[in-house]
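# Fold and geometry: a report
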Amino acid sequence: LDRRYVILTYTTEFDRVHYPLPLTRNDDALTTPDAMRQTITRMGTEIEALRKRIGVDKELRHQNEVLRERVQRLESCVGVAPPSHYASDGTEWLRAECARLQRENADLEAAISRMRVEVAEIEQGATTRDPNAEEASEKVVEG
């Protein structure tokens, strides 16, 4: 009954749980104390690598959440949100909305240009008229 176990300890904020993991008897690498120390060191290195990866994953999740909140704030500022039939990330909708706004902007710029031409024509017509002719036409109407 010469059994050996590796005790895996899982620690959370409020709990600490120990999991005994049995080692197989045929494990030649774990027959001597030095081999066991090397295995423990190797496993510790693997654990540290996994912890670093978990840290990176947590950072990416945090960045993702921050970006989602920014998108929601921007959508609420604009007063519109992507319809549900668009992709969940909303990029397709944003591209379509951007194209629509660019077309609307071009239409408005064209309208402004037309109005400037009309104003210029009106101003041109006002400067070419004879101010005395306007007074004469008023006298004819009154008289």
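Cut-offs used in this document
Just so you know, the residues in each chain are numbered from 1, in the order the chain's sequence is written. Owing to the predicted nature of the model, reporting of local features is limited to residues with pLDDT of at least 70; listing and counting of side-chain atom pairs is limited to 80 or more, with chain, interface and lining totals taken over all residues. Side-chain descriptors were evaluated using all non-hydrogen atoms of the structure, hydrogens and water having been removed beforehand. In this description a helix means any DSSP run of H or I spanning at least four residues, a strand means any run of E spanning at least two, and both kinds are numbered starting from the N terminus. Working definition: with a 1.4 Å probe on protein chains only, accessible area under 20% of the residue-type maximum means buried, over 50% means exposed, and in between means partly exposed. Two residues qualify as a contact provided that any one of their heavy atoms is within 4.5 Å of a heavy atom in the partner residue. What sets the accessible areas is the Shrake-Rupley method with a 1.4 Å probe; for residues, cover comes only from the shown protein chains. Only protein atoms enter the calculation, which uses a 1 Å grid: trapped sets of points that fit a 1.4 Å probe without letting it out are cavities, open sets showing protein on both sides within 12 Å along at least five of seven lines are pockets, and any residue with an atom within 4 Å of a point is a lining residue. Grid points are joined across faces, edges and corners, and a volume is the space filled by probe spheres set on the points. Throughout, the ten residues Ala, Val, Leu, Ile, Met, Phe, Trp, Tyr, Cys and Pro are labelled nonpolar, Asp, Glu, Lys and Arg are labelled charged, and all others, Gly among them, are labelled polar. pLDDT runs from 0 to 100 and stands for how confident the predictor is about each residue. For two strands to be treated as a pair, DSSP must find no fewer than two bridges joining them.

## Digging into the overall build of the protein
Within the protein, the regular secondary structure consists of three helices and two strands. Listed by position from the N terminus, the elements making up the protein come as β-β-α-α-α. Sorting the 143 residues of the protein into buried and exposed places 5% on the buried side. For the protein, long-range pairs separated by at least 24 residues make up 7% of all intrachain contacts whose partners lie at least 6 apart in sequence. Carbon together with sulfur atoms contributes 56% to the accessible area of the protein, which is approximately 13200 Å² in total.

## Topic: the layout of surface pockets
The space that makes up the largest pocket amounts to roughly 630 Å³. Residue lining of the largest pocket: 18 residues in total, with Leu8, Thr9, Met43, Ile47 and Arg51 positioned closest to the centre. Contributions of two or more residues to the lining of the largest pocket are made by strand S1 (5–11) and helix H1 (33–78). Among the elements that take part in the lining of the largest pocket, H1 stands out by supplying ten residues, more than any other. Looking at the lining of the largest pocket residue by residue, the classes come out as eleven nonpolar, three polar and four charged.

## Here we look at the confidence of the model for the protein
Interpretation of this model should avoid reading the predicted coordinates in detail wherever pLDDT is low. When pLDDT is averaged across the protein, the result is 76; 72% of the residues are at 70 or more. Averaged pLDDT values over the elements of the protein bottom out at 53 in helix H3 (residues 131–142) and peak at 89 in strand S2 (residues 16–22).

## As for the pairing of S1
In the sheet, S1 pairs with S2 via seven bridges, with the strands oriented antiparallel. Among the inter-strand pairings, threonine 11 is bridged to a residue of S2, identified as arginine 16. Hairpin remark: S1 followed by S2, antiparallel, with four residues in the connecting loop.

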